[in-house]
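# Structure at a glance
Each chain, written out:
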Amino acid sequence: MKKVKIVYTRDNCIGATVCVNLDSKHWIMNKADAKANLIDGTQQGDKWVLETELTQEVQMAAEQCPAGVIEVYDLESDEKLF
Ligand code: SF4
C-alpha cells in the first residue's frame, strides 16, 4: 500500500466532524476546543503531520473536509495527492 503523509492545519479546522465520521482511525474530536485531533500526529509549526498508509478513508477525509485543512502527500515523491 502507498505510504503517505497527512498534513493538517489545525488552526483552520471548523469542527465539522466530517473527518471523524469518515476516518475514525486517524481523527477524533477534541471536546475542549471543538476541533479535530490527528491521532498520533506530531506538531511541526502550525501543522500536524502523520505518516501512514493510503486508504480510501484517508483520501475521503482529505477530499471532503469542508475547510480544506487536510492534505495528503506521497511520502516518496512529496507530490500532493489530495
Ligand atoms: S473535516 Fe475538516 S473542518 Fe471538519 S473537523 Fe475534520 S479537519 Fe476539522
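Preceding this paragraph is the structure being described.
Just so it is clear, the model here is predicted, and its values are computed rather than measured.

## Digging into the overall build of the protein
Tallying secondary structure elements over the protein gives 2 helices and 6 strands in all. The order of α-helices and β-strands along the protein, N terminus first, is β-α-β-β-β-β-α-β. Considering only C-alpha atoms, the protein reaches an extent of 35 × 25 × 20 Å along its principal axes. Evaluated residue by residue, the protein yields a buried proportion of 37% over its 82 residues. Considering only contacts in the protein between residues 6 or more positions apart, those separated by 24 or more positions represent 59%. Of the accessible surface of the protein, which amounts to about 4,900 Å², a share of 46% is contributed by carbon and sulfur atoms. Charge centroids of the protein, computed over 9 positive and 14 negative side chains, lie 4 Å from each other.

## Quick notes on the site of the ligand
For the ligand, the set of nearby residues contains 14 residues, the closest of which are Cys13, Ala16, Thr17, Cys19 and Cys65. Judged by the fraction of its atoms near the pocket grid, the ligand is located in the largest cavity. Of the residues belonging to the shell around the ligand, the class tally is 12 nonpolar, 2 polar and no charged.

## Quick look at the environment of Glu63
Within the secondary structure layout, Glu63 lies in helix 2 (residues 56-64). Along the chain, Glu63 and Asp33 lie 30 residues apart, while their C-alpha atoms are 23 Å from each other.

## Points about the pairing of strand 1 (residues 3-8)
When strand 1 meets strand 5 (residues 47-53), the two strands line up antiparallel, connected through 6 bridges. In the sheet register, Val7 faces strand 5, and the bridge partner there is Val49. In the sheet, strand 1 pairs with strand 6 (residues 70-74) via 5 bridges, with the strands oriented antiparallel. Each residue of the ladder has a partner; that of Tyr8, found in strand 6, is Ile70.

Calculation rules
Residue positions within a chain follow its written sequence, with the count starting from 1. For a predicted model such as this one, the threshold for reporting local features is a pLDDT of at least 70, and the threshold for listing and counting side-chain atom pairs is 80 or more; totals across whole chains, interfaces and linings nevertheless cover every residue. Derived side-chain values reflect all non-hydrogen atoms in the structure, with water molecules and hydrogen atoms excluded from consideration. Secondary structure is summarised from DSSP: a helix means a run of H or I of at least four residues, a strand means a run of E of at least two, and numbering begins at the N terminus for each. A 1.4 Å probe rolled over the protein chains alone gives each residue an accessible area, and that area as a share of the maximum for its type sets the label: buried under 20%, exposed over 50%, partly exposed in between. When checking whether two residues touch, look at their non-hydrogen atoms; a contact exists if any pair is within 4.5 Å. Per-residue and other accessible areas were derived by the Shrake-Rupley procedure at a 1.4 Å probe size, with only the shown protein chains allowed to occlude residues. His is not counted here, nor are the chain ends, while Lys and Arg score as positive and Asp and Glu score as negative. Each charge is placed at NZ for Lys, CZ for Arg, CG for Asp and CD for Glu. Note on definitions. A residue lies near a molecule or strand when any single heavy atom of the residue is within 4 Å of it. Only protein atoms enter the 1 Å grid, on which a cavity is a set of points fitting a 1.4 Å probe that cannot get out and a pocket is an open set with protein on both sides within 12 Å along at least 5 of 7 lines, lining residues being those with an atom within 4 Å of a point. To decide whether a molecule occupies a pocket or cavity, check its atoms: if more than half lie within 2 Å of the grid points, it is inside. Throughout this entry, Asp, Glu, Lys and Arg are counted as charged residues, while Ala, Val, Leu, Ile, Met, Phe, Trp, Tyr, Cys and Pro are counted as nonpolar. The remaining residues, Gly among them, count as polar. At least two bridges found by DSSP between two strands are what make those strands a pair.

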